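A closer look at the structure
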Amino acid sequence: NNAQVLAQANPSIDLTKLALEVTLTEGANISPDPARVMDYSHPQKFTVTSEDGNWHKEYSVIIDTFDLPLRYDFEHYELNETGKYQVFFEETQGTALFKQYIWASGNSGFALTGVGRNPQEYPTVSIENGIDGSRAIKLETKSTGQFGETVKMPIAAGNLFLGSFDVNNAVQKPLKATRFGLPFGKKPLQLKGYYKYTPGTQPFKAKDKNGNTVTIPGQEDEGDIYAVLYEAAELDGKALDGNNVLTSENIVALARVEVEKKDEFTAFHVDFHYGSRIPIDWPKFIQDQRDPSDDGTAPYLSFSEEKMKNYEYNLAVVFTSSKYGAYFAGSVGSTLCIDKVEIVCEK
């Protein structure tokens with residue numbers, strides 16, 4: 001976040017003997033020198049000073065060897081630095097109790113529209129009245145107003161996923177903005193949890209092959225819940241994105257829920273599918289926007305115990321109120337609520 005860097009390290013790494021590579025704004029300097037071997041079994045502080053010497057900022061760098069948690073209750077959130085929208089985190093006990101900022105959403109992209117007047121009007125928010133009186137997450141597809149019409153992005157689906165959101169790509173390369181997945185050192189077997197879903201009642205909007213917004217008669221919106229295990233080592237940027245998270249040749253396994261209309265929280269559980277690829281049936285209004293060479297037909301990669309132990313795999317868990325929201329297709333008002341999600345792994 002703004003003044004703290006929290007990194008997840010392979011548990012085999014010796015935290016007491018690490019050196020870092022740090023990229024700075026041109027002309028700036030940092031002290032102490034992060035290239036020097038230091039002990040990161042406890043937090044280290046660095047001060048970055050501007051080229052003219054008039055500005056400086058202290059950063060706390062925390063590196064720990066915790067794994068991704070396997071259970072997600074969605075109890076923890078806070079407002080971003082400007083107070084405009086909510087960000088979500090897990091609390092993890094490593095060498096200390098950390099806020100683990102593993103969840104990302106498109107809220108920061110929605111902030112560019114100027115539509116959300118307060119945090120509760122954003123697509124992804126924390127709500128009360130989850131399972132057993134706990135908190136839950138509500139994802140709602142929103143209109144992006146005049147800004148969205150201008151840039152041909154008329155809707156913003158509510159979404160939440162393990163990974164990060166690159167707001168710098170939100171307008172020019174929106175499919176690249178969602179960077180799905182984080183390092184994972186286990187073999188997942190099942191995705192389970194609770195959801196409820198209501199499709200929006202407003203007309204279903206999509207984009208034609210020229211990028212113009214059109215209405216798809218008779219089309220009802222769908223929610224989506226899925227998890228992807230994939231090999232990350234050779235990928236550009238070490239992550240899949242909105243272009244290829246369901247079709248990449250690096251996928252090892254996929255678990256995907258058939259989301260149905262449910263007025264009350266309903267349990268779901270679906271196995272991770274290894275081996276032959278689960279075909280993706282793209283509707284015509286999405287086929288027009290996709291690269292025809294990316295048909296996603298190759299078998300999934302074979303699972304490797306060695307690669308798992310070396311943390312060469314990433315796990316992406318994704319929730320969205322509009323199944324094709326990444327292509328700006330869906331109905332305003334579609335709402336997916338999620339709670340008590342768990343990744344069941346091989347012991």
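Residues numbered from 1 in each chain as written. Predicted model: local features only at pLDDT ≥ 70, side-chain atom pairs only at ≥ 80, totals over all residues. Heavy atoms only, no water.

Quick word on empty space enclosed by the protein
Under the convention used in this document: Of the grid points, spaced at 1 Å and generated over the protein atoms alone, those admitting a 1.4 Å probe that cannot get out make up cavities, while open sets with protein on both sides within 12 Å along at least five of seven lines make up pockets; any residue with an atom within 4 Å of a point is treated as lining. Grid points are joined across faces, edges and corners, and a volume is the space filled by probe spheres set on the points. A run of H or I in DSSP counts as a helix once it spans at least four residues, and a run of E counts as a strand once it spans at least two, with each numbered from the N terminus. Residue type decides the class: Asp, Glu, Lys and Arg count as charged, Ala, Val, Leu, Ile, Met, Phe, Trp, Tyr, Cys and Pro as nonpolar, and the leftover types, Gly among them, as polar.
In this structure the tally under the stated criterion is 2 cavities of 30 Å³ or more. A volume near 640 Å³ is recorded for the largest cavity. Around the largest cavity sit 41 residues that line it, and Asn 159, Thr 178, Gly 325, Ala 326 and Phe 328 are the ones nearest its centre. Among the secondary structure elements, those contributing two or more residues to the lining of the largest cavity are α1 (107-110), α2 (145-150), β14 (155-156), β15 (159-165), α3 (174-177), β16 (178-180), β21 (224-231) and β26 (313-320). Here the lining of the largest cavity is composed, by residue class, of 23 nonpolar, 14 polar and 4 charged. Each pocket or cavity is described by its volume, and for the second largest cavity that value is around 40 Å³. Together, Glu 222, Gly 223, Asp 224, Arg 256, Val 257, Glu 258, Val 259 and Lys 323 line the second largest cavity. Across the lining of the second largest cavity, the residue classes tally to 2 nonpolar, 1 polar and 5 charged.

Quick word on the packing of aromatic side chains
How two aromatic rings sit relative to each other is given by the distance of their centres and the angle of their planes. Just so we agree on the cut-off: In this scheme Phe, Tyr and Trp rings, the latter by its six-membered ring, pair at centre separations within 6.5 Å, and the angle between planes marks the pair as stacked below 30 degrees, edge-to-face above 60, and tilted otherwise. Buried, partly exposed and exposed residues are distinguished by accessible area as a fraction of the type maximum, computed with a 1.4 Å probe on protein chains only: under 20%, between the cut-offs, and over 50%, respectively.
Tallied over the entire structure, the rule returns 15 aromatic pairs. Residues Tyr 274 and Phe 303 carry aromatic rings whose centres are separated by 6.0 Å and whose planes lie at 90 degrees to one another, so their mutual orientation is edge-to-face. Of the two residues, Tyr 274 sits in strand β25 (residues 273-274) while Phe 303 sits in the loop between α4 (284-287) and α5 (305-309), which places them 29 residues apart along the sequence. Residue classification places Tyr 274 among the partly exposed positions, given a relative accessible area of 23%.

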